[in-house]
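Structural description and commentary
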Amino acid sequence: MFKGILIEKDESGYRANVKDIDDAQLPDGNVTVRVGFSTLNYKDGLAITGKGPVVRKFPMVPGIDLAGVVEESAHPDYKAGDAVVLNGWGVGEGHWGGLAQKARLNGDWLVPLPARFTPQQAMSIGTAGYTAMLCVLALERHGVKPGDGEIVVTGAAGGVGSVAIAVLSKLGYTVVAVTGRPDDADYLKQLGAVEILERSQFSAPGKPLSKERWAGAVDVVGSHTLANICASTRYRGVVTACGLAGGMDFPSTVAPFILRGVTLAGVDSVMCPRAERMIAWQRLGTDLDIDKLGAISRVVGLDEAIPLAHQLLAGSVRGRVVVDVNR
Ligand code: NDP
């Protein structure tokens, strides 16, 4: 038996509870992992609360991230004792995930734990941090350089936003943070933001084009915020879009794209090919100041993860939540 969060849905409703689960219930897979740490991402919040249609099968163990040690493997790349990390691939949505003491998975989804990180540090980064790195890689791929001008990061005090600020500032970019929590200004400045803007300036319907300001952007909010960021991006600037914390819609016009040559680069972490994942994790190893992870993250147990999932969706959780599944 092992402990895990189990999401059930039946005639008595949708619920998530910490339960004792029989090993025999583990799904099919060629690698069994003893999980050390998992995390709470926005998507885990949607899964645990049932506020978004994230879970595709019931019962489900949520958790789109895990770090642990291989217990048994029939996969050629892994053997018992190997330290591994997993992000995405539909785990915690259609296949049992990381918010439990054990997971059985397809070995192709795993990456070796990067040498520079402990399992807990890797989960302080988690999908949110790895997605932030994918956004940085997309900015670089489209030619945005530190000297080009300001980079705006929305949802700045959340998981993706916090890591994006830390990485971009370490790389020498000038980062402007957009947040609904101006009280967290000191935290955002400590991560490397040079200026803090109130998110209400971006969340209302705006003009098709406004004053050019941003050389690049990392947007986790979507909706009017993304449209306003595109409208205020400089000629040939690059906007990376990875989230929908403010809404799934995108009420923009083509003006920024056809008149200013702005590039809108979509970022997906879930099905991102393995080679790019490896690059993202390697770059996190060199371009993220590990000392900042202590400020970005806090550690909780499985029991605390359920109430925190509700707070995360309410936008009141700062940075990253690491879940010690054995606490
Ligand atoms: P968090 O909950 O940690 O952060 C989201 C932040 O967005 C909040 O902290 C808040 O920041 C801001 N926010 C919340 N609600 C609103 C709102 N209504 N309007 C404007 N801003 C809001 O989530 P993550 O950082 O883990 O994820 C952020 C987004 O990115 C989510 O939509 C998530 O689904 C998406 N995502 C996508 C991935 C992909 O593969 N494409 C991978 C990972 C995440 P503040 O208080 O500073 O304003």
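In this text the structure is predicted, and so the values were computed from the model without any measurement. (Residues numbered from 1 in each chain as written. Predicted model: local features only at pLDDT ≥ 70, side-chain atom pairs only at ≥ 80, totals over all residues. Heavy atoms only, no water.)

Moving on: the packing of helix α2 (residues 119-141) against helix α8 (residues 274-287). Packed helices, taken two at a time, are described by the angle between their axes plus the distance between the axes. Here α2 crosses α8 at 100°, and the two axes come no closer than 9 Å. Our classification of the angle between α2 and α8 gives roughly perpendicular. Here Ala122, Ile125, Gly126, Gly129, Tyr130, Met133, Leu134, Leu137, Glu140 and Arg141 of α2 come into contact with α8, specifically with Glu276, Arg277, Ile279, Ala280, Trp281, Arg283, Leu284 and Asp287. The residue makeup of the contact of α2 with α8, split by class, is 10 nonpolar, 2 polar and 6 charged. (Axes fitted to C-alpha atoms, helices over the stretch in contact; angles between N-to-C directions. Helix = DSSP H or I, 4+ residues; strand = E, 2+ residues; numbered from the N terminus. Parallel < 35°, antiparallel > 145°, perpendicular 65-115°, else oblique. Contact = heavy atoms within 4.5 Å. Nonpolar A, V, L, I, M, F, W, Y, C, P; charged D, E, K, R; others polar.)

A separate point is the packing of aromatic side chains. For the structure shown, the criterion picks out 2 aromatic pairs. Judged by centre distance (5.7 Å) and plane angle (80°), the rings of Tyr14 and Phe58 are edge-to-face. Of this pair, Tyr14 sits in strand β2 (residues 13-21) while Phe58 is found in the loop between α1 (42-49) and β4 (65-73), placing the two residues 44 residues apart along the sequence. Judged by relative accessible area, Tyr14 falls into the partly exposed class, the value being 30%. Taking the relative accessible area as the measure of exposure, Phe58 reaches 33% and is therefore partly exposed. Taken together, a centroid distance of 6.1 Å and an interplanar angle of 75° make the contact between Phe117 and Trp281 edge-to-face. Placement of Phe117 in the loop between β7 (111-112) and α2 and of Trp281 in helix α8 is noted, with a sequence separation of 164 residues between them. (Phe/Tyr/Trp six-rings, centres within 6.5 Å; stacked < 30°, edge-to-face > 60°. Buried < 20%, exposed > 50% of the residue type's maximum accessible area, 1.4 Å probe, protein only.)

Moving on, we get to the sheet that holds strand β13 (residues 263-266). Pairing in this open sheet of 6 strands is parallel, and the strands run β10-β9-β8-β11-β12-β13 from one edge to the other. One side of each edge strand has no neighbouring strand; the edge strands of this open sheet are β10 (193-198) and β13. Here the strands of the sheet are splayed against their neighbours by 20° on average, with no regard to which way each runs. Bridge count for strand β8 (residues 150-153) against strand β11 (residues 214-219) is 3 bridges, and the pairing is parallel. Looking across to β11, one finds that Val153 is bridged to Val218. Against the sheet, helix α6 (residues 223-231) makes contact with β8, β11, β12 (233-241) and β13, and its axis sits at roughly 155° relative to β12, the strand it touches most. (Pairing = 2+ DSSP bridges.)

Next up on the list: the pattern of salt bridges. Should their charged atoms come close, side chains of opposite charge can pair. Under the definition given, this model contains 18 salt bridges. Notably, a salt bridge pairs Lys19 with Glu8, separated by 2.9 Å at the nearest N-O pair. Of the two residues, Lys19 sits in strand β2 while Glu8 sits in strand β1 (residues 2-10), which places them 11 residues apart along the sequence. Between Lys102 and Asp23 there is a salt bridge, and its shortest N-O distance comes to 2.7 Å. Linking Lys102 in strand β6 (residues 102-105) with Asp23 in the loop between β2 and β3 (31-40), this pair joins segments that are 79 residues apart in sequence. For Asp23, a relative accessible area of 26% gives the class partly exposed. (Salt bridge = Lys/Arg side-chain N within 4 Å of Asp/Glu carboxyl O.)

When the parts of a complex come together, some accessible area is lost, and that lost area is often taken as the interface size. What the domain assignment reports for the protein chain is domain 1 (2-113 + 291-324) and domain 2 (126-266). The C-alpha-based centres of domain 1 and domain 2 are spaced at 28 Å. The interface is formed by 16 residues belonging to domain 1 together with 19 residues belonging to domain 2. Across the interface of domain 1 and domain 2, roughly 1,300 Å² is buried in total on both sides, 58% from carbon and sulfur atoms. Looking only at domain 1, the three residues that lose the most surface to domain 2 are Lys292, Ile296 and Arg318, adding up to 39% of its buried area. Where domain 1 meets domain 2, there are 1 salt bridge. Among the salt bridges present, the one from Asp184 reaches Arg318, with a minimum N-O distance of 3.2 Å. (Domains from an automatic or database assignment. Buried area = accessible area lost by both parts, 1.4 Å probe.)

On to the site of the ligand. Taken together, the neighbourhood of the ligand is formed by 25 residues, with Thr179, Gly180, Arg181, Arg199 and Ser269 sitting nearest. Between the ligand and Thr179 there is a distance of 2.6 Å, counted from an oxygen atom to a side-chain nitrogen or oxygen. Within the contact set of the ligand, an oxygen atom lies 2.8 Å away from a side-chain nitrogen or oxygen of Arg199. Protein chains shield 87% of the accessible area of the ligand, which is 910 Å² for the free molecule. Contributing elements (two or more residues each) for the shell around the ligand: α2 and α3 (159-170). (Near = heavy atom within 4 Å. Polar contact = N/O pair within 3.5 Å; in protein donor to acceptor, adjacent residues only side chain to side chain. Areas by Shrake-Rupley, 256 points an atom, 1.4 Å probe, with all protein chains shown as cover.)

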